[in-house]
Amino acid sequence: MAEDVGALLRRLRERAGLTQEQVAERSGVSVRTIRRLENDRSTNHRVATLNLLADALGLEEGDRLLLAAALAGSPAVAATETAAGHDAGTRSGPRPGREPTQVQAQAPAAAPPDRVPDRTPDRLPVHGRPAEAAEELAVEVRRRWRREEAQRRVHDPFPLPVRWTPAPAALTDRAENIQRLGPGEPPRAVDLDGDLRSLAEVYLRIPSGRLVVLGRAGSGKSVLTIRLVLDLLESRAPAAQRRVPVVFSVGSWDPTTTALRDWLVGRLLRDHPHLARRGPGGATLAAALVDGDLVLPVLDGFDEMGEGLRRDALDALNATAAPLVLTSRRDEYAEAVRAAHAPLVWAGCIELSDLTPEDLADYLPRTARAVPSSARTGDDAVPGSAWDAVLAELRTGTGPAHRNLAAVLTTPLMVVLARTLYSESGDRDPAELLDGERFPSVRSLSEHLLAGFVPAVYRRRAPERDAGGPPSGARYADAVRAERWLGRLAHHLVRTDRERHDLAWWQLGHELSRTARTVALVLATAVVVALADWSVGLLLVPLPAGELLLQGALMGPAAGLGFGAVYAMVDRSGGAAAFEPTRFRLTLRASRAGLGRRSLRTFLARLGQGLIGGTVMGIGCACALTLQRALATGAPLAHPDVVSGTLINMLVFVLIFGPAAGLVFGLMAALEAPVDVSTAATPVSLLASNRATAGRQFLVLSVALTLAIAFGGYLVVAALRTVMGPLNWGVQDSLFIGTVCGLGGAAAYVLAFTAWGQWIVLARVWLPLAGKLPADPAAFLDDAYRRGVLRQTGAVYQFRHERLQHHLGRAFRGAHRDFAPAAFGPDSPDGHPGDGRPGDRLPGDGGPGDGSPVVGDGGPGDGGPVVGDGGPGDGGPVVGDGASG
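Residues numbered from 1 in each chain as written. Predicted model: local features only at pLDDT ≥ 70, side-chain atom pairs only at ≥ 80, totals over all residues. Heavy atoms only, no water.

Peer 1: Quick rundown of the overall build of the protein? Include the residues and the values.
Peer 2: Within the protein one finds 29 helices and 13 strands. Within the protein, the proportion of its 885 residues that are buried is 55%. Once local pairs closer than 6 in sequence are excluded, the contacts in the protein between residues at least 24 apart make up 80%. Split by element, the accessible area of the protein, about 36,900 Å² in all, is 58% carbon and sulfur. (Helix = DSSP H or I, 4+ residues; strand = E, 2+ residues; numbered from the N terminus. Buried < 20%, exposed > 50% of the residue type's maximum accessible area, 1.4 Å probe, protein only. Contact = heavy atoms within 4.5 Å. Areas by Shrake-Rupley, 256 points an atom, 1.4 Å probe, with all protein chains shown as cover.)

Peer 1: Could you give an account of the nonpolar core, naming the residues involved and the relevant values?
Peer 2: Counting 117 residues, the largest nonpolar core has Y458 and F799 as its most contacted members. Here this core gets 10 residues from one element, more than from any other, and that element is helix 26 (residues 731-753). Those residues in contact with Y458, other than ones at most four positions away along the chain, are Y476, A477, A479, A482, L486, F780, D783, A784, R787 and V789. (Core = buried A, V, L, I, M, F, W, Y, C linked by side-chain atoms within 4.5 Å.)

Peer 1: Hey, could you go over unusual backbone geometry for me, with residue numbers and the actual values?
Peer 2: The omega angle of the peptide bond from D156 to P157 is -5°, so this bond is cis rather than trans. Positionally, P157 belongs in the loop between helix 7 (129-151) and strand 1 (163-166). Phi at W346 takes a positive value of approximately 65°, unusual for a residue other than glycine.

Peer 1: With reference to specific residues and values, describe a nonpolar patch on the surface.
Peer 2: The grouping of L538, L539, L540, Y714, L715, V731 and L735 at the surface amounts to a nonpolar patch, some 770 Å² of accessible area in total. Listed by contribution, the elements that provide at least two residues to the nonpolar patch are helix 21 (514-540), helix 25 (683-724) and helix 26. It is helix 21 that provides the largest number of residues to the nonpolar patch, a total of 3 residues. A residue is classified by how much of its surface remains accessible, and L735, at 46% relative accessible area, is partly exposed. (Patch = residues over 30% accessible without salt bridge, like charges linked within 9 Å, V, L, I, M, F, W, Y side chains within 5 Å. Salt bridge = Lys/Arg side-chain N within 4 Å of Asp/Glu carboxyl O.)

Peer 1: Give a detailed account of the pairing of strand 3 (residues 210-214), specifying residues and quantitative values.
Peer 2: Most of strand 3 is tucked away, with 5 of its 5 residues classed as buried. Relative to strand 7 (residues 348-352), strand 3 is paired through 4 bridges, and the arrangement is parallel. What sits directly across from V212, in strand 7, is C349. (Pairing = 2+ DSSP bridges.)

Peer 1: Before we move on, could you go through the confidence of the model for the protein and cite the residues and values that matter?
Peer 2: The predicted structure's coordinates, where accompanied by low pLDDT, should not be read in detail. For the protein, per-residue confidence averages 78 on the pLDDT scale, and 76% of positions sit at 70 or higher. Averaged over each element, pLDDT in the protein is lowest for helix 6 (residues 75-84) (37) and highest for strand 6 (residues 324-328) (97). Under a pLDDT of 50 for its full length, residues 373-377 has, in the predicted model, 2 contacts with residues more than four places off or in other chains. Segment residues 591-596: pLDDT under 50, and 5 contacts once partners within four positions in sequence are set aside and those in other chains are kept. (pLDDT = per-residue confidence, 0-100.)

Peer 1: Which residues make up the packing of helix 17 (residues 400-408) against helix 19 (residues 442-457), and what values do they have?
Peer 2: Here helix 17 crosses helix 19 at 55°, and the two axes come no closer than 9 Å. For the element pair helix 17 / helix 19, the angle class is oblique. Regarding helix 17 and helix 19, the two cross each other, and that crossing is right-handed. Residue-level inspection shows N404, L405, A407 and V408 of helix 17 in contact with helix 19, the latter providing V442, L445, S446 and L449. Grouping the constituent residues of the contact of helix 17 with helix 19 by class yields 6 nonpolar, 2 polar and no charged. (Axes fitted to C-alpha atoms, helices over the stretch in contact; angles between N-to-C directions. Parallel < 35°, antiparallel > 145°, perpendicular 65-115°, else oblique. Left-handed = near helix turned anticlockwise from the far one by under 90°. Nonpolar A, V, L, I, M, F, W, Y, C, P; charged D, E, K, R; others polar.)

Peer 1: Go over the pattern of salt bridges with me, naming the residues and quoting the values.
Peer 2: All told, the structure shown has 37 salt bridges when counted by the stated rule. As a salt-bridge pair, R243 and D293 come within 2.9 Å of each other at their nearest N and O atoms. Taken together, the positions of R243 in the loop between helix 10 (221-233) and strand 4 (244-249) and D293 in the loop between helix 12 (285-291) and strand 5 (295-300) put the pair 50 residues apart, joining distant regions of the chain. Its relative accessible area of 9% is what places R243 among the buried residues. What emerges from the salt-bridge pattern is a single network uniting R153, D156, R419 and E424.

Peer 1: So what about the packing of aromatic side chains? Which residues, and what values?
Peer 2: If you walk through the whole model with that rule in mind, you get 15 aromatic pairs. Where F665 meets Y749, the ring centres are 4.9 Å apart and the plane angle is 55°; that geometry is what we call tilted. Residue F665 is located in helix 24 (residues 640-667), and its partner Y749 is located in helix 26; the two are separated by 84 residues in the primary sequence. Judged by centre distance (6.1 Å) and plane angle (50°), the ring pair of Y785 and Y797 falls under tilted. Residue Y785 is located in helix 28 (residues 777-787), and its partner Y797 is located in strand 13 (residues 796-799); the two are separated by 12 residues in the primary sequence. Each member of the pair, Y785 together with Y797, is buried. Counting every residue linked through ring pairs, the aromatic cluster contains F563, Y567, F579, F665, Y749 and F753. (Phe/Tyr/Trp six-rings, centres within 6.5 Å; stacked < 30°, edge-to-face > 60°.)

Peer 1: Account for the environment of V416, naming residues and giving values.
Peer 2: Considering the arrangement of structural elements, one finds V416 in helix 18 (residues 412-423). Distance in space between the C-alpha atoms of V416 and L364 is 9.1 Å, their sequence separation being 52 residues. Contacts of V416, omitting those with residues within four sequence positions, involve L160 and R800.

Peer 1: Can you break down the pairing of strand 12 (residues 790-793) residue by residue, with the values?
Peer 2: In summary, the side chains of a regular strand alternate between the two faces of the sheet. Side-chain alternation along strand 12 places L790 and Q792 on one buried face and R791 and T793 on a second face that is also buried. In this sheet, strand 13 lies alongside strand 12 in antiparallel orientation, the contact comprising 4 bridges. Each residue of the ladder has a partner; that of T793, found in strand 13, is V796. Hairpin connection between strand 12 and strand 13: a loop of 2 residues separates the two successive antiparallel strands, and G794 in this loop has a positive phi of roughly 70°.

Peer 1: Describe the state of the cysteines, with residues and values.
Peer 2: Under the defined criterion, the tally for this structure stands at 0 disulfides. This cysteine, C741, is not joined by any disulfide, and C621 carries the nearest cysteine sulfur, 6.1 Å off. Classification of C741 as buried rests on a relative accessible area of 5%. (Disulfide = S-S within 2.5 Å.)

Peer 1: Can you lay out the side chain of R787 for me, pointing to particular residues and giving the numbers?
Peer 2: Counting through the fold element by element, R787 comes out in helix 28. Engagement of the side chain of R787 in a polar contact is seen with the backbone oxygen of V457, the distance being 3.1 Å. (Polar contact = N/O pair within 3.5 Å; in protein donor to acceptor, adjacent residues only side chain to side chain.)

Peer 1: Which residues make up the environment of L405, and what values go with them?
Peer 2: In this structure, L405 sits in helix 17. Along the chain, L405 and D435 lie 30 residues apart, while their C-alpha atoms are 9.8 Å from each other.

Peer 1: Quick rundown of the sheet that holds strand 5? Include the residues and the values.
Peer 2: Taken in spatial order, the 7 strands of this open sheet run 2-1-7-3-6-5-4, and their pairing is mixed. Sheet topology places strand 2 (194-195) and strand 4 at the edges, where each strand pairs with a single neighbour. Strand direction decides the pairing type here: strand 1 and strand 2, joined by 2 bridges, are antiparallel. Bridge assignment links R163 to a residue of strand 2, and that residue is D195. Contacts from helix 7 reach strand 4 and strand 5, with the element oriented near 55° to strand 4.

Quick look at the structure:
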């Protein structure tokens with residue numbers, strides 16, 4: 001019997017004479033992951049992770065084979081690697097460029113599925129760290145899309161047939177260009193016909209490796225891309241010569257502001273944070289993969305781009321010869337081709353076909369619970385389904401109702417909606433779809449299916465959750481409230497300039513106006529600083545209760561206004577990227593990678609930001625201190641002694657807070673390390689990792705700021721006494737000011753300037769209190785995903801289909817007087833329903849007056865001074881006006 005993975009790994013490490021920390025430093029795998037592996041607490045043994053550990057331990061071939069044998073007996077491998085097929089890093093045997101044998105999970109022998117040879121453009125093999133990163137990416141991409149395919153129930157009971165034909169010549173480049181032939185070479189015939197099972201084979205027939213997939217709304221383009229990715233990952237091509245297909249939702253790309261290469265790198269970093277590690281030359285592994293032609297971009301949703309951006313996007317795609325796959329609706333792509341005066345160069349083009357009545361007859365009866373076809377029961381009863389009568393009417397009927405239903409059920413989307421409403425609900429009869437008076441048009445039938453989808457899925461039993469995931473979705477079983485919240489989220493994605501499709505948890509607060517967000521953060525930071533002042537004051541300062549309450553009540557708002565001012569400046573200057581989820585983790589020891597030139601630039605940038613922030617906070621603290629004294633003593637604010645004392649306090653606090661904040665935030669760069677190599681971003685996991693990072697930031701910042709301000713303040717005041725004379729700042733003042741600023745400042749920074757903090761303030765507190773979101777938005781979104789309303793694309797959610805998003809948004813706007821419902825576009829000339837897109841004028845951009853929540857109009861910060869930090873004092877620790885402590 002093979003030795004357990006954990007025991008064997010621990011024995012090999014001890015034999016090498018290395019500690020867990022040393023192995024982590026060599027391999028890039030976190031100490032926590034190594035500890036879990038050795039203690040057999042890990043439920044996800046990743047082959048790529050074990051290969052990194054084997055390299056760090058310097059294992060020879062024999063030891064690697066022992067580790068592979070142990071891995072083959074791991075239950076986790078049986079549940080993940082074997083079920084999903086051989087790992088991307090194990091299909092090709094030893095990894096190119098690596099002499100030792102790589103660890104492989106030896107699954108039980110099974111007949112491999114048919115695979116097609118890779119005929120896409122050759123490229124030179126890549127070795128070393130980029131090749132390893134490509135293997136890890138391939139493993140995660142396959143695992144992610146297998147899970148997504150299962151979540152969408154593509155194979156239940158079997159995949160709907162998706163077929164296609166070659167697109168019209170006007171939308172396709174010349175055959176000689178697609179085949180990349182030289183002058184005078186006659187083009188060969190390339191057969192592009194096929195179905196869902198042969199898409200990878202069709203793609204690999206295209207010498208240029210560039211393909212455009214066209215189809216109307218709901219025709220199955222997204223499912224087709226998933227199957228293409230999974231089939232290409234099963235290719236027999238060696239790992240070092242194979243590109244990793246990665247799906248990118250191209251609708252979020254703005255080609256006028258971001259180059260294609262930079263956008264691809266950014267999306268890889270968002271969805272796969274471990275690719276932020278540095279590769280050869282100092283670039284991130286994400287950049288190395290894109291620059292090394294190790295990624296095959298599968299650009300899904302070209303039609304979802306803003307209308308004015310499609311021509312620029314097509315021009316940008318035509319400026320590169322790299323292999324890629326692009327999906328789009330036909331009309332939007334044709335419009336971009338006319339505007340650019342060229343199709344996607346070197347690309348083959350196919351167009352998806354409609355489903356046939358025979359497809360419906362094969363599929364729909366198998367989705368419904370079998371019922372007797374007559375009143376007879378027993379062995380002689382003939383099994384049937386609720387769809388039999390409808391399908392018979394479709395085959396023989398000739399009236400308008402039959403034609404309308406036949407036109408609707410020609411796309412996989414509408415068939416799946418019909419299945420959800422009627423096959424999975426025992427109290428509804430699909431024969432009502434043939435009611436011509438109730439559904440007089442194709443449009444009315446389509447809207448009926450869209451409108452019934454959400455109530456149908458929320459009548460089901462609450463889906464199970466993964467271990468460690470969000471709480472159960474049983475509390476969200478109310479279909480009416482769920483549909484209202486989903487409608488608000490769909491409206492949240494609508495903007496006047498363009499429409500978005502990514503539901504990112506860190507952007508939910510953007511439903512609020514910029515002013516409302518600032519007000520919410522001002523209040524939140526004011527509360528935490530005031531609480532810190534009161535808590536520390538009770539322990540360290542023997543002040544009367546009334547004076548202590550007054551002190552916190554003044555210092556808190558001063559700090560809130562200061563943090564709000566800095567936040568508003570960053571937000572208005574286009575620094576929203578600063579509030580995106582972090583792609584690093586904090587360690588309690590400086591990494592050797594943190595000593596390079598890049599870290600020096602990061603240190604200097606953080607130092608400058610800390611100096612500016614500390615200066616603003618020092619000025620605000622001095623103003624709050626002056627106001628406190630004036631209220632306590634009754635002295636007029638315009639008195640010369642009060643003015644001079646305020647100016648001196650400003651100078652002292654700025655000299656203390658500015659350098660302290662700058663040094664602390666600058667030195668934190670040395671404690672930042674990329675996330676663990678085994679980390680992959682889903683919305684839930686990204687939120688959890690950012691919560692952990694925010695907690696570590698608070699711990700480090702609170703201790704560091706306390707020490708820096710306490711000791712630094714004492715030294716600064718001692719130095720100033722030689723120039724300015726007596727200043728009132730003792731040891732007790734240093735401890736009090738340092739502790740309050742450390743605890744309050746760290747908490748305020750986490751809430752105002754991290755994605756997780758803003759998520760807590762805006763999405764977990766502000767919006768739920770206003771009734772705009774459920775109490776736990778993360779659990780609600782995960783529940784909607786498991787019910788099939790949403791889908792996951794990397795670290796974000798999207799609605800299952802754009803038409804469902806538009807329907808929910810229209811329903812939400814129509815239920816509120818502030819909104820004018822978007823008018824339906826006309827049906828297409830062939831009688832098919834229109835896309836259901838909003839009109840040219842999209843109602844509402846999230847600002848006041850359009851129904852978006854606007855709160856806090858009379859709260860602090862509406863025109864008030866934006867200063868202050870919350871460095872509370874005890875009534876006058878720094879003086880120049882003769883006041884006593």
